[in-house]
Amino acid sequence: MAIRRSAKTTRRPKQSSQPWLHVKGAEIQEFGTVRMFPLGLSWDARMYSCQRLNQILADTQILYNLYKKHHWLMRGPTFYQLHLLLDKHAGEQLELVDQLAERVQTLGGVAIGDPRHVAEITVIPRPPDGAEEVPAMLSRLIEAHETILVASHDAARRAQEMGDDGTNDLLVSDVIRTGEMQTWFLIEHLVDTPLVEAPEG
Ligand SMILES: [Fe+2]
């Protein structure tokens, strides 16, 4: 559909550097569709990968935001350590968000971007708007990681079966490895180990 210009802006001088303002246009590709890209991959494979990647992308965006929320709301004797750790993990998750989104685009699809759309399709449970106990915040992050890991293992295997090695590689080399490592760093904070006295000694 042609972009409509207002009568006012169409009268601008020929040499003007005035930008077009308030431009409106039609949606040119619907969410859930893929364009024909010459990648040596079938339409089915690209369509399937985009669908799985968008779900993982939505859940990863929520995980990123959970990390920032808990980075801000952290408290207690390990505040400083966890405050910094959660922000580091958030940054790494944000890189994955970008990689996942750009993989969807690479396959000819439409990456999920608007947080309101993300909220509609994520399967990560919504946390309370307030603050939880510190171990509950950490558990919530670990559970979100596991949800993404389970989906990523399955999607990686299916993508490889359909010939989409690039999606398999992204999920295995980046999403899964990062998620596993971050889970390890979180889970060690839930071991109740004495700091000074060794009771069995
Ligand atoms: Fe910060």
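Preceding this paragraph is the structure being described.
Every value quoted in this text rests on a predicted model; they were computed, and no experiment measured them.

Chemist: I tried to follow the packing of aromatic side chains on my own but got confused; where do I start?
Modeler: In this description, a pair of aromatic rings is defined by centroid distance and the angle of the planes. Counted under the stated rule, the structure contains 1 aromatic pair. Aromatic side chains Trp-184 and Phe-185 sit 4.9 Å apart centroid to centroid with 75° between the ring planes, which places their arrangement in the edge-to-face category. What makes Trp-184 partly exposed here is its relative accessible area of 46%.

Chemist: Looking at this structure, I do not really get the nonpolar core. What am I missing?
Modeler: Membership of the largest hydrophobic core comes to 38 residues, with the highest contact counts inside it found for Leu-100 and Leu-171. Put simply, the parts of the chain that give this core at least two residues each are α2 (43–73), α3 (79–106), α5 (134–161) and α6 (165–187). Beyond its immediate stretch of four places on either side in the chain, Leu-171 contacts Leu-53, Ile-56, Leu-100, Ser-152, Ala-155, Ala-156 and Ile-176.

Chemist: Can you walk me through the packing of α5 against α6 in this structure?
Modeler: Geometrically, a packed helix pair is captured by the angle between its two axes and the distance between the axes. As a packed pair, α5 and α6 sit with axes 9 Å apart at the nearest point and diverge in direction by 160°. By the angle class used here, α5 and α6 are roughly antiparallel. Once α5 is placed against α6, the crossing between them reads as left-handed. Residue composition of the contact of α5 with α6, grouped by class: 14 nonpolar, 9 polar and 3 charged.

Chemist: Just checking my understanding: could you explain α2 for this structure?
Modeler: Residue pairs three or four apart in sequence face the same way in an α-helix, which turns once every 3.6 residues. In a regular helix each residue adds 1.5 Å, so 31 residues correspond to 45 Å; α2 covers 45 Å between its end C-alpha atoms and thus fits that length. Across the 31 residues of α2, 22 count as buried, placing the element largely inside the fold.

Chemist: How should I be thinking about the pattern of salt bridges in this particular structure?
Modeler: A side chain with one charge may pair with a side chain of the opposite charge, provided their charged atoms come close. Considering all chains together, one arrives at 10 salt bridges under this definition. The partner of Arg-157 in a salt bridge is Asp-154, with the nearest N and O atoms 2.9 Å apart. Of the two residues, Arg-157 and Asp-154 both sit in helix α5, 3 residues apart, roughly one turn of that helix. With a closest N to O distance of 3.0 Å, Glu-161 and Arg-157 form a salt bridge. Separated by 4 residues within a single helix, Glu-161 and Arg-157 lie in helix α5, roughly one turn from each other. One connected set of salt bridges, linked through shared partners, spans Arg-52, Asp-154, Arg-157, Arg-158 and Glu-161.

Chemist: When you look at the side chain of His-70 in this model, what are you seeing that I'm missing?
Modeler: Note that His-70 resides in helix α2. For His-70, a relative accessible area of 0% gives the class buried. In this structure, His-70 is in contact with Leu-86, Glu-132, Met-137, Arg-140 and Leu-141, ignoring residues within four places of it in sequence.

Chemist: Can you help me understand the side chain of Ser-152 in this one?
Modeler: Looking at the secondary structure, you find Ser-152 in helix α5. The buried category is assigned to Ser-152, whose relative accessible area is 0%. Among the polar contacts listed, one links the side chain of Ser-152 to the backbone oxygen of Ile-148, at a separation of 2.7 Å. Setting aside residues up to four positions removed in sequence, Ser-152 forms contacts with Ile-56, Leu-171, Val-175 and Ile-176.

Criteria and thresholds
Residues numbered from 1 in each chain as written. Predicted model: local features only at pLDDT ≥ 70, side-chain atom pairs only at ≥ 80, totals over all residues. Heavy atoms only, no water. Phe/Tyr/Trp six-rings, centres within 6.5 Å; stacked < 30°, edge-to-face > 60°. Buried < 20%, exposed > 50% of the residue type's maximum accessible area, 1.4 Å probe, protein only. Core = buried A, V, L, I, M, F, W, Y, C linked by side-chain atoms within 4.5 Å. Helix = DSSP H or I, 4+ residues; strand = E, 2+ residues; numbered from the N terminus. Contact = heavy atoms within 4.5 Å. Axes fitted to C-alpha atoms, helices over the stretch in contact; angles between N-to-C directions. Parallel < 35°, antiparallel > 145°, perpendicular 65-115°, else oblique. Left-handed = near helix turned anticlockwise from the far one by under 90°. Nonpolar A, V, L, I, M, F, W, Y, C, P; charged D, E, K, R; others polar. Expected span 1.5 Å × (residues − 1). Salt bridge = Lys/Arg side-chain N within 4 Å of Asp/Glu carboxyl O. Polar contact = N/O pair within 3.5 Å; in protein donor to acceptor, adjacent residues only side chain to side chain.

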